[in-house]
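If you want the building blocks of each chain, they are given just below.
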Amino acid sequence: MACNISGMERTTRTGPGAKHKWLAAGAFLVVVLLGSFVSWGVGPQYGWTVFTVIPVVASAVGGVVLHRLHPETRYGNVIAASAIGMGACLAILLAFAFEGLLCIAMASPLLAVEIAIGAGIGNAIGAWWVNKDRLLSISILLLVIPGSTLLESRYGVAPFEDVVTTRAVIQATPEEIWPHLSALELPPPKELLFRLGVAHPLAIRTQGKHRECVLSTGSMPEQITVSHAPH
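Here is a short report on the structure shown in this document. Every chain is numbered independently, its residues counted from 1 as its sequence is written. The model is predicted, so local features are restricted to residues of pLDDT at least 70 and side-chain atom pairs to those at 80 or more, both for listing and for counting; the totals for chains, interfaces and linings are taken over all residues. The side-chain figures draw on all heavy atoms in the structure; neither hydrogens nor water molecules are used.

A few words on the pairing of strand 3 (residues 210-215). Only when DSSP finds a minimum of two bridges between them are two strands counted as paired. Only DSSP runs of H or I covering at least 4 residues are called helices, and only runs of E covering at least 2 are called strands; the numbering of each starts at the N terminus. Where strand 2 (residues 201-207) and strand 3 come together, six bridges link them in antiparallel fashion. Counted as the bridge partner of R205 is E212 from strand 3. Where strand 3 lies against strand 4 (residues 218-223), six bridges are found, and the strand directions are antiparallel. Bridge assignment links C213 to a residue of strand 4, and that residue is M220. If you look at the hairpin formed by strand 3 and strand 4, you'll find two residues sitting between the two strands.

Written out as structure tokens, the structure reads:
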């Protein structure tokens, strides 16, 4: 008894390489930067568009781009490319001190969910639509960001406002305290919480009626309305 098997070939399905993932991650980063620029120019700096819409759209666009670069792209490949893009975004935030490490750690679980949702959308579009329609799908996805920004700026929920009053009794004369109210340099904090990124004051500078509180996350301008030295 003889058995002859011929004409059988074993093929291995390969996904996109590192170069393709990095290009998709670049598309992710561009969408985040442009979307944030549009959102901050029209709507609130920290709103639903920045926190939820832009990461989802960026991940979806990265998925469509990855499918265009490599037809054998899978959902996991899109997740990987989006993770690279988000890592680059977070690195920029840390490098330019836009956000602290602790704030980024708090937002990471939400960002992971949004990347997963956006990657699913991008993977579905890239797998189902033909090549000539993918550019149209990217354009439609990008239009979601300004649309969301306009809706949020017009119908968005007003931010929660609260007033906190503190009082400190200092055993010194007004004449001794007054110079520190107009110019003050604070030493770097030793507490771990502030060193991880929680906002804290660094200095106070006063010039005429303009007063500036320098924080670790930026400057907070103030306008002096009444000044009667040394009170």
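So much for the structure itself; the text now carries on.
On to helix 3 (residues 75-95). Its 21 residues place the ends of helix 3 30 Å apart at the C-alpha level, agreeing with the 30 Å of an ideal helix rising 1.5 Å per residue. Accessible area is worked out with a 1.4 Å probe on protein chains only. A residue is then buried under 20% of its type maximum, exposed over 50%, and partly exposed in between. Restricting attention to buried positions, one finds in helix 3 the residues N77, V78, A81, S82, G85, M86, C89 and L90. Given the number of residues in a helix, its expected span is that number minus one, multiplied by 1.5 Å.

Okay, the pattern of salt bridges next. By salt bridge we mean one thing: a side-chain nitrogen of Lys or Arg within 4 Å of a carboxyl oxygen of Asp or Glu. In total, this model carries two salt bridges according to the counting rule given. Here R205 ties to E185 by a salt bridge, and the two come within 3.8 Å at their closest N and O atoms. A residue pair is termed long-range when its members are at least 10 positions apart, and R205 in strand 2 and E185 in strand 1 (residues 183-185) qualify at 20 residues. Owing to a relative accessible area of 41%, R205 belongs among the partly exposed residues under this scheme. A residue is classified by how much of its surface remains accessible, and E185, at 56% relative accessible area, is exposed. R211 serves as the salt-bridge partner of E222, at 2.9 Å between the closest nitrogen and oxygen. With a gap of 11 residues between them, E222 in strand 4 and R211 in strand 3 connect regions that are remote in the sequence. In this structure E222 comes out as partly exposed when scored by relative accessible area, which is 32%.

It is worth spelling out the sheet that holds strand 4 at this point. For sheets, the rule is that strands pair by backbone hydrogen bonds, running either parallel or antiparallel. Overall, antiparallel pairing links the four strands, which are arranged 1-2-3-4 in an open sheet. Looking at strand neighbours, the two that pair on one side only are strand 1 and strand 4, the edges of this open sheet. Going from strand to strand, the sheet's axes swing by 20° on average, the running direction of each strand aside. Here an angle of 0 to 180 degrees is reported between the N-to-C directions of two axes, which are lines fitted to C-alpha atoms, with helices fitted over the stretch in contact.

Take unusual backbone geometry next. Residues A229 and P230 are joined by a peptide bond in cis, for which omega reads -5°. Note that P230 resides in the segment after strand 4.

Turning our attention to the packing of helix 3 against helix 4 (residues 101-128). Contact pair helix 3 / helix 4: the axes reach a minimum separation of 9 Å and the direction vectors enclose 150°. Seen along the crossing, helix 3 lies across helix 4 with a hand that is right-handed. For the pair formed by helix 3 and helix 4, the contact residues are Y75, V78, I79, S82, M86, L90, L93 and L94 on the first element and L101, I104, L111, I115, A116, A119, G120 and N123 on the second. Two helices cross in a left-handed way if the nearer one is turned anticlockwise from the farther one by less than a right angle. They cross in a right-handed way if the turn is clockwise. When checking whether two residues touch, look at their non-hydrogen atoms; a contact exists if any pair is within 4.5 Å.

If you look at the biggest cluster of nonpolar residues, it comprises 24 residues, and the most contacted ones within it are V57, V61, M86 and L141. Secondary structure elements with two or more residues in this core: helix 1 (18-42), helix 2 (48-69), helix 3, helix 4 and helix 5 (131-155). Take this core: its biggest share by element is nine residues, from helix 2. Apart from the residues within four sequence positions on either side, V61 is in contact with V31, I138, L141 and L142. Nonpolar core, defined: a set of buried Ala, Val, Leu, Ile, Met, Phe, Trp, Tyr and Cys residues in which side-chain atoms within 4.5 Å join the residues together.

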